[in-house]
Amino acid sequence: MPIPRNDGWNQTMFPDFAPSEFLCKCTSDCTHKDPKLLDHSVVTLLQAVRNNKGLPIYIISALRCPEHNEKVHGAKNSRHVLGKACDFTFQAMDAVQFAIELVWKFHWKGGIGAYPDNKFIHVDSDNQQSTHTGGPRHWIYENGKYDYCEFYDIEVDNKQLQ
């Protein structure tokens, strides 16, 4: 059972989202249907992205109960189960470019995964170091394999970040 991380949903802080978007998508009456289990830093990031981009953000998956996580082949120690992760997309997303923006423009210190084949981003609030690179937990999942990297090291043109 995840630990409650907040006092509930604050619609003033997150005007472009409904709490139901972040709750477990399973059909059973599970333990992960309470917005108090969400880490608000993830939702705060998404609201900042929404404000900056001016585009709707579509939540693919956030909270997951262990059973649903297994059903969708989530990681054994998934941050989704802990209420610390969200997968999302928006119109015309370039997943890798946007992952770089999350580091350089939004200064996100947590985990970032880019999934260009499926056009979505994973973010989580766990700032644990990568066992693969020793740096931040950044990865690209493309063509069925993971490439562990550090988006900090990828050169970008500041004009792309406007």
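Residues numbered from 1 in each chain as written. Predicted model: local features only at pLDDT ≥ 70, side-chain atom pairs only at ≥ 80, totals over all residues. Heavy atoms only, no water.

Caption draft 1: Structural context of the overall build of the protein. A tally of regular secondary structure across the protein gives three helices and six strands. Reading the protein from its N end, one meets helices and strands in the order α-β-α-β-α-β-β-β-β. Taken across its 162 residues, the protein has 49% of its residues classed as buried. Counting only contacts in the protein whose residues sit at least 6 apart along the sequence, the fraction spanning at least 24 positions is 63%. Put simply, the protein shows about 8900 Å² of open surface, and 49% of that area lies on carbon and sulfur atoms. (Helix = DSSP H or I, 4+ residues; strand = E, 2+ residues; numbered from the N terminus. Buried < 20%, exposed > 50% of the residue type's maximum accessible area, 1.4 Å probe, protein only. Contact = heavy atoms within 4.5 Å. Areas by Shrake-Rupley, 256 points an atom, 1.4 Å probe, with all protein chains shown as cover.)

Caption draft 2: Broad picture of the nonpolar core. Phe22, Phe88, Leu102 and Ile121 are the most contacted members of the largest nonpolar core, which totals 35 residues. In contact with phenylalanine 88, other than residues within four places in its own chain, are Leu46, Ile57, Tyr58, Ile59, Ile60, Met93, Phe98, Phe120, Ile121 and Val123. (Core = buried A, V, L, I, M, F, W, Y, C linked by side-chain atoms within 4.5 Å.)

Caption draft 3: Here's a closer look at the layout of surface pockets. Roughly 710 Å³ of volume is contained in the largest pocket. Lining the largest pocket are 26 residues, with Ala75, Tyr115, His122, Trp139 and Tyr146 positioned closest to its centre. For the lining of the largest pocket, the secondary structure elements donating two or more residues are strand E1 (57-61), strand E4 (120-124), strand E5 (138-142) and strand E6 (145-149). Looking at which element gives the most residues to the lining of the largest pocket, the answer is E4, with three residues. Along the lines of polarity and charge, the residues of the lining of the largest pocket split into eight nonpolar, 13 polar and five charged. (1 Å grid on protein atoms, 1.4 Å probe; cavity = no way out; pocket = protein on both sides within 12 Å on 5 of 7 lines; lining within 4 Å. Points joined across faces, edges and corners; volume = space filled by probe spheres on them. Nonpolar A, V, L, I, M, F, W, Y, C, P; charged D, E, K, R; others polar.)

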